[in-house]
Amino acid sequence: MTRVLLVIVIVLALLLALFGVQNPQTVNIRFLSFTSGYVPVYVVILISTLAGIVLSTILGLRSRVGATLKTRKLERQVADLEKQIAARTPVVTTSASVPTDTPTTSTSRLR
C-alpha cells in the first residue's frame, strides 16, 4: 500500500510540474476584498494543491484520533469485564487423590 501511495504522489507531482511548465502566464487573483498582484498560474495551482493536502490531513487526523479514543475506551471496557469474569469464576483446586478416570478395584471383590 505504501508503494502504491508513493507512485500516486510521484505521478501527481510530475503532472503538477508539467502543468506549471506549460502554463507560465500570470493571472490576477481576487477573493472577496483581497486582490493579489499578477501571479503565475502554477503558483496558484500549487497553493491550491497544498491547501487541499493540509485540509485532507486535518480531516484524516480528526477521524484517526476519534478511532483511537474509541479503541482505548473499548479496551478498558474489555479489561473491566475480564476482571468481573475472573472475580465471579470459582477457583478450581486439585487434590492429591486418585484420578477419577483410572479404574479402582474394591477390596470386597478381591476376597
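Up top is the structure.
All of these numbers come straight from a predicted model, not from anything done at the bench. (Residues numbered from 1 in each chain as written. Predicted model: local features only at pLDDT ≥ 70, side-chain atom pairs only at ≥ 80, totals over all residues. Heavy atoms only, no water.)

1. Side note on the layout of surface pockets
Inference 1: In this structure, the largest pocket spans a volume of roughly 160 Å³.
Inference 2: Every residue lining the largest pocket is listed: Val9, Leu12, Ala13, Leu16, Leu46, Thr49, Leu50 and Ile53.
Inference 3: Taken together, the elements giving at least two residues each to the lining of the largest pocket come down to α1 (2–22) and α2 (41–88).
Inference 4: The residue inventory of the lining of the largest pocket, partitioned by class, reads seven nonpolar, one polar and no charged. (1 Å grid on protein atoms, 1.4 Å probe; cavity = no way out; pocket = protein on both sides within 12 Å on 5 of 7 lines; lining within 4 Å. Points joined across faces, edges and corners; volume = space filled by probe spheres on them. Helix = DSSP H or I, 4+ residues; strand = E, 2+ residues; numbered from the N terminus. Nonpolar A, V, L, I, M, F, W, Y, C, P; charged D, E, K, R; others polar.)

2. Digging into the packing of α1 against α2
Inference 1: Axis separation between α1 and α2 bottoms out at 8 Å; the angle between their running directions is 155°. On the basis of their axis angle, the class for α1 and α2 is roughly antiparallel. Counting all contacts with α1, which are made through Leu16, Phe19 and Gly20, the residues of α2 involved are Val41, Tyr42, Ile45, Leu46 and Thr49.
Inference 2: In terms of residue class, the contact of α1 with α2 is built from six nonpolar, two polar and no charged. (Axes fitted to C-alpha atoms, helices over the stretch in contact; angles between N-to-C directions. Parallel < 35°, antiparallel > 145°, perpendicular 65-115°, else oblique. Contact = heavy atoms within 4.5 Å.)

3. Some details on a positive patch on the surface
Inference 1: Taken together, Lys70, Arg72, Lys73 and Arg76 make up a surface patch of like positive charges.
Inference 2: Within the fold, Arg76 resides in helix α2.
Inference 3: The exposure class of Arg76 is exposed, given its relative accessible area of 54%. (Patch = residues over 30% accessible without salt bridge, like charges linked within 9 Å, V, L, I, M, F, W, Y side chains within 5 Å. Areas by Shrake-Rupley, 256 points an atom, 1.4 Å probe, with all protein chains shown as cover. Salt bridge = Lys/Arg side-chain N within 4 Å of Asp/Glu carboxyl O. Lys, Arg positive; Asp, Glu negative; His and termini not counted. Charge placed at Lys NZ, Arg CZ, Asp CG, Glu CD. Buried < 20%, exposed > 50% of the residue type's maximum accessible area, 1.4 Å probe, protein only.)

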